[in-house]
Amino acid sequence: MTLVQGETVLFAAGDHAALAFPAAEVVRVYNSTTGEEFRPGTDLGWTPGSCEVTRPAGSAAPRLEREELYPPADGAVLFPAEGANALSGGPGGGLIRFDRRDFFARHQLEIDYRTEAEIPEPPPLPAGKLPRFRRDGVRRVALIGDSISEGWNATGFIGVPPFQPPYAKLVAERLHAAEMRNFAVGGTGCRHGVAHLDSWLNDFTPDLLFIAYGMNDLLSVPPAGFREAASQLAAIARRRNPAMEFVLIGSMPGNAQWANTPPAATRALARELAAVAENDPAIAFVDVGGHWERCFGNKKFLDLTGNGVNHPNDFTHRFYAGTVLAALRTAAAPAGNREEWPLPGSR
């Protein structure tokens, strides 16, 4: 039986939500940002062997109403204004809830539960990928990407309890990297990386470079252009270090109700990254978005988001880290890197 820790759910305009896997036992219900503890059976209803959880009458568990999820125009503050609580492009051309800080963290429940289900594991890297990493491990690691990789909305990044680090830091720590640089810039896409990578590497040349674009490229870069940019990034880096190896990270999906994050485009860009990595042993592809869909197919996006539209929360930052680390586990160097790495999402 597997213990799933800290999986998040949000009661959104209703009293029903879903776990990723059927719960044999609910161990704990809480919110790490507010410090609140909730009572299984009183504040959270559940049926053993089911994924469904409910908010019983009289429950102290938080719930968001429809007007909080889709703010009316007369009460909305649109991003990028200070204190923004909404974005355009919501259902029916209306607004959709957005928050840069801890609004969603304060309204999501965290649930520890045991499941008898077989939890899908991320696909391992193909044999022969990352030969230098397999042989030597890593000393210097760098990451380029967008706001997800910069750290939004991990609580450690935005400065609220429980102050969990973003996925990039979790990965670097578990890889025992001696040095790590995060060059990710919020609001940018792959073309920004192509324009700036050479200058970023001017005084820091890593052994392993993580490349994590896609969320901001969905509507602005065609799939062929995205593939070309990923190839250009590897070529630019290799001019600095011909032996450098690369991990291309396929993005999580965004909110399917938001016009700027169509699910089909997310999968199309992931296929392009897979094609870039296919025939180059020094380039690996880790499909976080594909594994997200395998694990979270019965959950709402609002269960898993930090900002409402395109960022992970603490649980899904851990999911990012766990997915990347699990994929790399089979390629870990024999000396020192083979401790048990966590299942995606676990603490």
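Everything that follows concerns the structure shown earlier in this document.
Residues numbered from 1 in each chain as written. Predicted model: local features only at pLDDT ≥ 70, side-chain atom pairs only at ≥ 80, totals over all residues. Heavy atoms only, no water.

A. View of the overall build of the protein. Along the backbone of the protein there are 11 helices and 14 strands. For 347 residues, the compact-globule estimate of 2.2 N^0.38 gives 20 Å, and the protein sits close to it at 20 Å. Across its three principal axes, the protein shows a C-alpha extent of roughly 65 × 50 × 35 Å. Split into buried and exposed, the 347 residues of the protein put 55% on the buried side. Sequence-distant contacts in the protein: of pairs separated by 6 or more residues, those separated by 24 or more amount to 76%. Carbon and sulfur atoms form 51% of the exposed surface of the protein, whose accessible area is close to 14100 Å². A gap of 5 Å separates the mean positions of the 33 positive and 39 negative side-chain charges of the protein. (Helix = DSSP H or I, 4+ residues; strand = E, 2+ residues; numbered from the N terminus. Rg over C-alpha atoms; globule rule 2.2 N^0.38 Å. Buried < 20%, exposed > 50% of the residue type's maximum accessible area, 1.4 Å probe, protein only. Contact = heavy atoms within 4.5 Å. Areas by Shrake-Rupley, 256 points an atom, 1.4 Å probe, with all protein chains shown as cover. Lys, Arg positive; Asp, Glu negative; His and termini not counted. Charge placed at Lys NZ, Arg CZ, Asp CG, Glu CD.)

B. Main features of unusual backbone geometry. At the junction of Phe79 and Pro80, the peptide bond is cis and its omega measures out at 15° in the coordinates. In this fold, Pro80 is placed in the loop between α1 (66-69) and β7 (86-88). For the peptide bond that leads from Trp152 to Asn153, omega is -15°, which places it in the cis range. Even without glycine at this site, Leu130 takes up a positive phi of about 50°. Mapped onto the secondary structure, Leu130 falls in the loop between β9 (109-115) and α3 (131-136). Exposure remark for Leu130: the relative accessible area of 0% places this residue in the buried category.

C. Region of interest: the side chain of Asn313. Within the secondary structure layout, Asn313 lies in the loop between α10 (288-295) and α11 (314-329). Of the residues examined, Asn313 reaches a relative accessible area of 5% and is grouped as buried. A distance of 3.2 Å separates a polar atom in the side chain of Asn313 from a polar atom in the side chain of Gln108. Here Thr316 takes part through its side chain, which lies 2.8 Å from a polar atom of the side chain of Asn313. (Polar contact = N/O pair within 3.5 Å; in protein donor to acceptor, adjacent residues only side chain to side chain.)

D. Structural context of helix α6 (residues 167-174). Those residues of α6 not exposed but buried are Tyr167, Ala168, Val171 and Ala172. Burial along α6 is one-sided: seen end-on, the buried residues are contained in an arc of 130°. Contact partners of the buried residues in α6: β10 (140-145), α4 (147-150), β11 (179-182), β12 (208-212), β13 (245-250) and α11. Just past α6, the residue His176 takes up positive phi, approximately 60°. (Arc of directions from axis to C-beta.)

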